[in-house]
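Fold and geometry: a report
Here are the chains, one letter per residue:
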Amino acid sequence: MTIYAVGDLQGCLKPLQQLLKKVHFEPGKDCLWSVGDIVNRGPDSLDTLRFCHQLGTSFQMVLGNHDLHLLAIAHGVRAPNQNDTLEPILKAPDRDQLLNWLQLQPLVIAKDNWLMVHAGIPPQWSRDEALTLASEIGRVLRQPEQASAFFQAMYGDQPDQWNDRLSGQIRWRLITNYFTRMRFCSASGQLELRSKLPPNEPPPGYAPWYSHPHRRARQSKIIFGHWAAMQGQPCGSNLFPMDTGCVWGGPMRLMNLDTGDCLHQRL
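This text gives an overview of the structure that appears in the document. (Residues numbered from 1 in each chain as written. Predicted model: local features only at pLDDT ≥ 70, side-chain atom pairs only at ≥ 80, totals over all residues. Heavy atoms only, no water.)

Details of the packing of aromatic side chains
Let me state the cut-off plainly: Each Phe, Tyr or Trp ring (for Trp, its six-membered ring) is paired with any other whose centre lies within 6.5 Å, and the angle between the two planes then decides the class: stacked below 30 degrees, edge-to-face above 60, tilted in between. Segments assigned H or I by DSSP are reported as helices when at least four residues long, segments assigned E as strands when at least two residues long, and all are numbered from the N terminus. Only protein chains enter the calculation, and the probe is 1.4 Å; a residue is then buried if its accessible area is under 20% of its type maximum, exposed if over 50%, and partly exposed in between.
Scanning the model with the defined rule gives 12 aromatic pairs in all. Here the aromatic rings of W125 and W162 are separated by 5.3 Å at their centres, their planes lie at 90°, and the arrangement is edge-to-face. Taken together, the residues span a long stretch of sequence, with W125 in the loop between β5 (114-117) and α6 (127-142) and W162 in the loop between α7 (144-153) and α8 (168-180) at a distance of 37 residues. For W125, a relative accessible area of 1% corresponds to the buried category. Looking at W162, the relative accessible area reads 13%, which means it is buried. Measuring from ring centre to ring centre gives 6.2 Å for Y210 and W227, while their planes differ by 55°; the resulting arrangement is tilted. Residue Y210 is located in the loop between β8 (207-208) and β9 (221-224), and its partner W227 is located in the loop between β9 and β10 (239-241); the two are separated by 17 residues in the primary sequence.

What about the pattern of salt bridges?
Keep this limit in mind: Counted as salt bridges are all cases of a side-chain nitrogen of Lys or Arg within 4 Å of a carboxyl oxygen of Asp or Glu.
Taken as a whole and assessed by the stated rule, the structure comprises nine salt bridges. The partner of R50 in a salt bridge is D94, with the nearest N and O atoms 2.9 Å apart. Of this pair, R50 sits in helix α2 (residues 45-54) while D94 is found in the loop between α4 (87-90) and α5 (95-103), placing the two residues 44 residues apart along the sequence. When the shortest N-O distance is used, the salt bridge between E136 and R171 registers 2.8 Å. One end of the pair, E136, is in helix α6; the other, R171, is in helix α8, and 35 residues separate them in sequence. When its relative accessible area of 16% is taken as the criterion, E136 is described as buried. The exposure class of R171 is buried, given its relative accessible area of 14%. By sharing partners, the salt bridges in this structure join D47, R50 and D94 into a single network.

Topic: the sheet that holds β5
Keep this limit in mind: Being paired, for any two strands, means DSSP has found at least two bridges between them. Whenever a helix is involved, its axis is fitted only over the stretch in contact; in every case the axis is a line through C-alpha atoms, and angles between N-to-C directions fall within 0 to 180 degrees. Pairs of residues are marked as contacts when any of their non-hydrogen atoms sit within 4.5 Å.
With respect to topology, four strands assemble into an open sheet ordered β4-β5-β9-β10, the strand pairing being mixed. The outermost strands of the open sheet, each flanked by one partner alone, are β4 (108-111) and β10. Each neighbouring strand pair of the sheet contributes to a mean axis angle of 15°, computed without reference to strand direction. The pairing of β9 with β10 spans three bridges and is parallel. Across the sheet, residue I222 finds its bridge partner in β10, namely L239. Lying on the sheet, α6 is in contact with β4 and β5; it crosses β4 at an angle near 135°.

Quick look at the packing of α6 against α7
Here is the rule we go by: Note that the term roughly parallel is reserved for angles under 35 degrees, roughly antiparallel for angles over 145, roughly perpendicular for angles of 65 to 115, and oblique for everything else. In this classification, Asp, Glu, Lys and Arg are treated as charged, Ala, Val, Leu, Ile, Met, Phe, Trp, Tyr, Cys and Pro as nonpolar, and every other residue, Gly included, as polar.
Contact geometry of α6 with α7 gives a least axis separation of 5 Å together with a crossing angle of 110°. As summarised for this structure, α6 and α7 are arranged roughly perpendicular, according to the angle between their axes. Along its contact with α6, which presents I137, R139, V140, L141 and R142, the element α7 presents P144, Q146, A147, F150 and F151. Taken together, the residues of the contact of α6 with α7 break down into seven nonpolar, one polar and two charged.

Section: the sheet that holds β8
One open sheet accounts for three strands, arranged β7-β6-β8; its pairing is antiparallel. Each edge of the open sheet carries a strand with a single partner, namely β7 (191-192) and β8. Two elements, strand β6 (residues 184-185) and β7, share two bridges in a ladder whose sense is antiparallel. Bridge pairing links F184 to E192 in β7.

Regarding the nonpolar core
Stated precisely, the cut-off is as follows: Buried Ala, Val, Leu, Ile, Met, Phe, Trp, Tyr and Cys residues that are joined via side-chain atoms within 4.5 Å together make up what is termed a nonpolar core.
One finds L32, I38 and F179 to be the most contacted residues of the largest nonpolar core, which totals 75 residues. With six residues, α6 is the largest single contributor of residues to this core. Ignoring anything within four residues of it in the chain, the contact list for L32 reads Y4, V6, L16, L20, F25, L55, S58, F59, Q60 and L254. Core analysis: the second largest hydrophobic core is formed by 13 residues, A5, C31, V62 and M255 among them.

Description of α8
Note: α-helices contain 3.6 residues per turn, so residues at a spacing of three or four share the same orientation. As a reminder, the rule being used: For a helix, the expected span equals 1.5 Å multiplied by the residue count minus one.
The end-to-end C-alpha distance of α8, which contains 13 residues, comes to 18 Å, matching closely the 18 Å that a straight helix rising 1.5 Å per residue would cover. Burial within α8 is extensive, with 10 of its 13 residues counted as buried. The set of residues buried in α8 consists of R171, W172, R173, L174, I175, T176, N177, Y178, F179 and T180. Where α8 is buried, its residues meet α3 (65-74), β4, β5, α6, α7 and β7.

Some points on the environment of D160
Put simply, the rule reads: Definition of a polar contact: a pair of N or O atoms within 3.5 Å, with one able to donate and the other able to accept a hydrogen when the atoms are protein atoms, and with sequence-neighbouring residues admitted only if both atoms are side-chain atoms.
Along the chain, D160 falls in the loop between α7 and α8. Dropping the residues within four chain positions of it, D160 is found in contact with L174, Y178, G189, Q190 and L191. In this structure the side chain of D160 is engaged in a polar contact, spanning 3.3 Å, whose partner is the side chain of Q190.

Following this line, the structure appears as structure tokens:
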């Protein structure tokens, strides 16, 4: 079995299909890993969601902030933003099947020495701690009452610093912000969530999450997306940035985990 990882899809189905055709992807034999944000902003969010769902066990993904935003809208706790392209999903006859499946997806995937996450792993968390906290959110999303409370409280930038004593909805929000929204943070993991600038333009006192030399998960090979301004540029050992900004005019990136080879395809 060959595992391929792909960057943020954001409703851009055609380049994904073209990339899979180039590598002769075979469902049932190969597996596609997605860094999340499979929907929104692009032209084919509904068909992209259906395509991924129909791959069955040949597709694995982690939830991104746009995927969670879709689920929050579906739960009735958030109105669509002006630039969202989610209405076809919300009106689709198979909406419930697709959204129930999406809500079951994890925040982190681990296999051998690989970790896949949408935005990143903060410096203060080890691999095992990240997996434990991601599983905590997964359990919340599998319980209808807790899931509703989760989406009610998901939006917000505070708290911005991890503390083991955090509990309830503010704990869930911070864990989710680390995994799905983080770009810049301090060495102790304090988040800066406003800036979307490239990594070489950090706000004062902050740095890209992956650049802190003592981050505890640095021995794991981390596949991540979310940061289109990085343009997929190399950023260090054991780091595999996958968001090359397809929905913004860049290419989509597909990587063979066995070889590290990457292919690119524009919309």
